[in-house]
Every structure is written in C-alpha cells, then in structure tokens.
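So the chains spell out like this:
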Amino acid sequence: MGIDDITITKTIFNRFTEEFKDFFDIDIAIAGAGPSGLTAARYLAEVGRKVAIFERKLSIGGGMWGGGMMFPVIVVQDEAKHLLEECNIDIRREGRGYWSADSIEAVVKLCSKTIDAGAKIFNGISVEDVLLDKDNRVNGFVINWSSIDVAGLHVDPLTIRAKYCIDATGHAAEICSIVKKKVKPKTGLLSKDIGEFSMHADIGEKAVVENTREVYPGLIATGMCANAVAGAHRMGPIFGGMLLSGKKAAEMILEKL
Ligand code: 48F
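Basis of the calculations
Residues numbered from 1 in each chain as written. Predicted model: local features only at pLDDT ≥ 70, side-chain atom pairs only at ≥ 80, totals over all residues. Heavy atoms only, no water. Core = buried A, V, L, I, M, F, W, Y, C linked by side-chain atoms within 4.5 Å. Buried < 20%, exposed > 50% of the residue type's maximum accessible area, 1.4 Å probe, protein only. Helix = DSSP H or I, 4+ residues; strand = E, 2+ residues; numbered from the N terminus. Contact = heavy atoms within 4.5 Å. Pairing = 2+ DSSP bridges. Axes fitted to C-alpha atoms, helices over the stretch in contact; angles between N-to-C directions. Phe/Tyr/Trp six-rings, centres within 6.5 Å; stacked < 30°, edge-to-face > 60°. Lys NZ or Arg CZ within 6 Å of the ring centre and 35° of its normal. Near = heavy atom within 4 Å. Polar contact = N/O pair within 3.5 Å; in protein donor to acceptor, adjacent residues only side chain to side chain. Areas by Shrake-Rupley, 256 points an atom, 1.4 Å probe, with all protein chains shown as cover. 1 Å grid on protein atoms, 1.4 Å probe; cavity = no way out; pocket = protein on both sides within 12 Å on 5 of 7 lines; lining within 4 Å. Sits in = over half its atoms within 2 Å of the grid points. Points joined across faces, edges and corners; volume = space filled by probe spheres on them. Nonpolar A, V, L, I, M, F, W, Y, C, P; charged D, E, K, R; others polar.

Caption draft 1: Region of interest: the nonpolar core. Of all hydrophobic cores here, the largest spans 45 residues; its most connected members are I28, I30, V51, M64, L84 and I166. Top contributing element to this core by residue count: helix α9 (residues 240–256), with 7 residues. In this view, I166 contacts I28, A29, I30, A31, A40, L44, F141, L219, I220, T222, A249 and I253; residues no more than four positions away in its chain are not counted. Of all hydrophobic cores here, the second largest spans 32 residues; its members include F20, A31, F54 and Y216.

Caption draft 2: Quick peek at the sheet that holds strand β4 (residues 92–93). Strand order in the open sheet made by the 3 strands is β3-β5-β4, with antiparallel pairing throughout. The open sheet has two free edges, formed respectively by β3 (73–77) and β4, since each of these has just one partner strand. Pairing geometry for β4 and strand β5 (residues 98–102), over 2 bridges, is antiparallel. When the bridges of β5 are listed, R93 appears paired with W99. Relative to the sheet, helix α4 (residues 103–117) contacts β3 and β5, its axis offset from that of β5 by approximately 80°.

Caption draft 3: The arrangement of the packing of aromatic side chains in detail. Summed over all chains, the structure comprises 7 aromatic pairs. Ring geometry for F16 versus F122: centroids 6.2 Å apart, planes at 90°, classification edge-to-face. Placement of the pair is F16 in helix α1 (residues 5–21) and F122 in strand β6 (residues 120–123), with a sequence separation of 106 residues. Since its relative accessible area comes to 29%, F16 is described here as partly exposed. You can call F122 buried: its relative accessible area is 2%. Taking the centre distance of 5.2 Å and the plane angle of 85° together, the rings of F20 and F24 count as edge-to-face. Assessed through its relative accessible area of 38%, F24 is described here as partly exposed. An aromatic cluster of three or more residues is present, and its members are F16, F20, F23, F24, F54, F122 and W145. Of note, K50 hangs over the ring of F23, and the distance from its end group to the ring centre comes to 4.2 Å.

Caption draft 4: View of the environment of V179. Structurally, V179 can be placed in helix α6 (residues 174–182). Among the residues examined, V179 registers a relative accessible area of 0% and is labelled buried. Separated by 35 residues in the primary sequence, V179 and N144 have C-alpha atoms spaced 17 Å apart. Setting aside residues no more than four positions away along its own chain, V179 makes contact with V130, V138, K184, P185, L190, Y216 and L219.

Caption draft 5: Local environment of the site of the ligand. Near the ligand lie 27 residues; those nearest to it are S36, E55, G63, M224 and G236. Take E174: an N or O atom from its side chain is 2.9 Å from a nitrogen atom of the ligand. Within the contact set of the ligand, an oxygen atom lies 2.5 Å away from a backbone nitrogen or oxygen of G236. The protein chains hide 92% of the 730 Å² of surface that the ligand would expose on its own. Given that more than half its atoms are within 2 Å of the pocket grid, the ligand belongs to the largest pocket.

Caption draft 6: Just the layout of surface pockets, in detail. In this model, the largest pocket occupies a volume close to 690 Å³. As for the largest pocket, its lining consists of 36 residues, and the residues nearest its centre are G62, G63, T169, G170 and H171. Elements that contribute at least two residues to the lining of the largest pocket include exactly α2 (35–46), β2 (51–55), β7 (125–132) and α6. If one sorts the elements of the lining of the largest pocket by residue count, β7 sits on top with 3 residues. Looking at the lining of the largest pocket residue by residue, the class counts come to 17 nonpolar, 14 polar and 5 charged. In this structure, the second largest pocket spans a volume of roughly 280 Å³. Considering the residues around the second largest pocket, the lining is formed by Q77, D78, E79, G97, Y98, A201, D202, E205, K206, V209, I238 and L244. Among the residues forming the lining of the second largest pocket, the class breakdown is 5 nonpolar, 2 polar and 5 charged.

Caption draft 7: Molecular detail of the pairing of β7. Relative to strand β8 (residues 138–145), β7 runs antiparallel, the two being bridged by 7 bridges. Within β8, the position partnered with L131 by the bridge is G140.

Below, the structure written as structure tokens:
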C-alpha cells in the first residue's frame, strides 16, 4: 500500500487540535521551557495537575543547552543535586559541594521526565499577554504562534485559562514586564523597575529561590525571571538555583490550590 499524503495531513491536524483543545482551561500555564519552567511543570504534573508550557522557540531548554560560553557543561551545588538525579542525569562530583553534568543530557532528560510526568509542551507559541479576571487577577495567558510575530503580521491571538500562571521566561521576565506595563500595579514588586543586577553567583543563587513568589495575584515568577523582578544578581552557568526555584514555584502553587 502506498503512502497517502492526505492521511498524513489529517493525522497531524486532528491529533494536534484534539490535544490543544484539551489544554484551553487548565490548572497551571507556564511561559518558557527553560530549566525552571520544566522543573515546575514536572513537579505539578507528577501530582496530577493539568499543566502546559508554552515555549516561543521550537527547541526547549532555554539557556541550559549552551552550558557556560558554549562549553556544554552545567554545574549544580549539593542542594540541587537531587533534581538532576530524579531525572536520571549522570552527574560527576567536582570537589566539595559541586557537581557537573553534560548540558545536552541535562536538557533532554529534564524534558523527558517532564513529559512523562504528564505535562504538555507547546512549542513555537509565544505568550504575548495575560488574561485578567474581573478583579484584575491573572487568570491565563494570551498566546499566538511565534512565527506570526516574526513575520510582523497583525493576527489576533487566542486565550488559555489557568488557575495559576508562571513566568519562566528567564532574564527578560517577559510576562511580568507585560503586567507592569499594561496593568500598572501601584503596589508590590511589579510597581518597581524590572531588571537583574550584575553577576554574583553565591548571592544570586540564594536570591533566586527566595525571590520565587507570587509577584502579582495569580502570577508566580520563577528562575532568572524571579531575580530580574527583584533586581537581584545573575549567576551564570550554575543551574541549581533555577531547578530549586522551579520546584519551589510548584510547591507554592500546590499549597494554594
Ligand atoms: O532563559 P531560560 O533558560 O530561563 P530560566 O529557566 O533559566 C535561566 C538559565 O537558562 C540561565 C541562567 C542560569 O544561571 O541564568 O540563563 O530562568 O528559559 C526561558 C525560556 O522562555 C522562553 C525562551 O525562549 C526560553 O526558552 N520565552 C521567553 N519569552 C517567552 C518565552 C514568551 N513570551 N512566551 C513563550 N516563551
């Protein structure tokens, strides 16, 4: 039997639309599939929460692929070692308190565990705004194909509703910046300037976990976004803080739900 082109088209269209519509009204929506977003999604999905990540690029992993200056190795500290081990990532002891991993292995295994846990990743989709409820609480994401943005087309987006939203967009803190610019909160973290401070790994790594919080009603900041919102230090290619921050974001939401 020959291969039927139209069967291929129907299969792709039908399967995607069936799956997509199952994620229009969910528990948690996450913007960004970097290490913090993936870890948050994994912890939430593991306990049965319906969670989707919307990732602008085709590839997942954010800034983890490139290790440090494109040497594809990441470093984590003792406190975060378990988060690599839970994903069966091979780690090597590097003196007291430090562990290294192949960054490519780390990304694919973090992603694989996240998907196996039941989280859904939609790639090539950008979060371009938030959905608000009548009290101006964040109640979901406004999404569009990234290619529409790249092509500079004026096409109205679609909307996803979620009980909680997570900004895991990294250094740019994109969703928090949108809320700051459009909603203009008069109090709280998003009433202040957004932008990270220069490098200090020790301070930055501790701060990123502390700064993981609900920065605006319904919106949790995790990963480098949490430090950008707080004006805290960046930390370069040590990734323990990102993973621990994602875990904390998930735990905070589970307590609230
Ligand atoms: O930047 P990223 O890896 O964020 P992270 O989880 O981790 C930061 C580290 O990689 C590194 C570091 C470690 O010490 O400092 O930089 O905080 O991943 C962010 C992801 O979000 C996507 C982006 O393509 C990337 O994959 N992203 C950004 N803006 C949007 C988005 C958006 N508006 N909609 C969807 N995805």
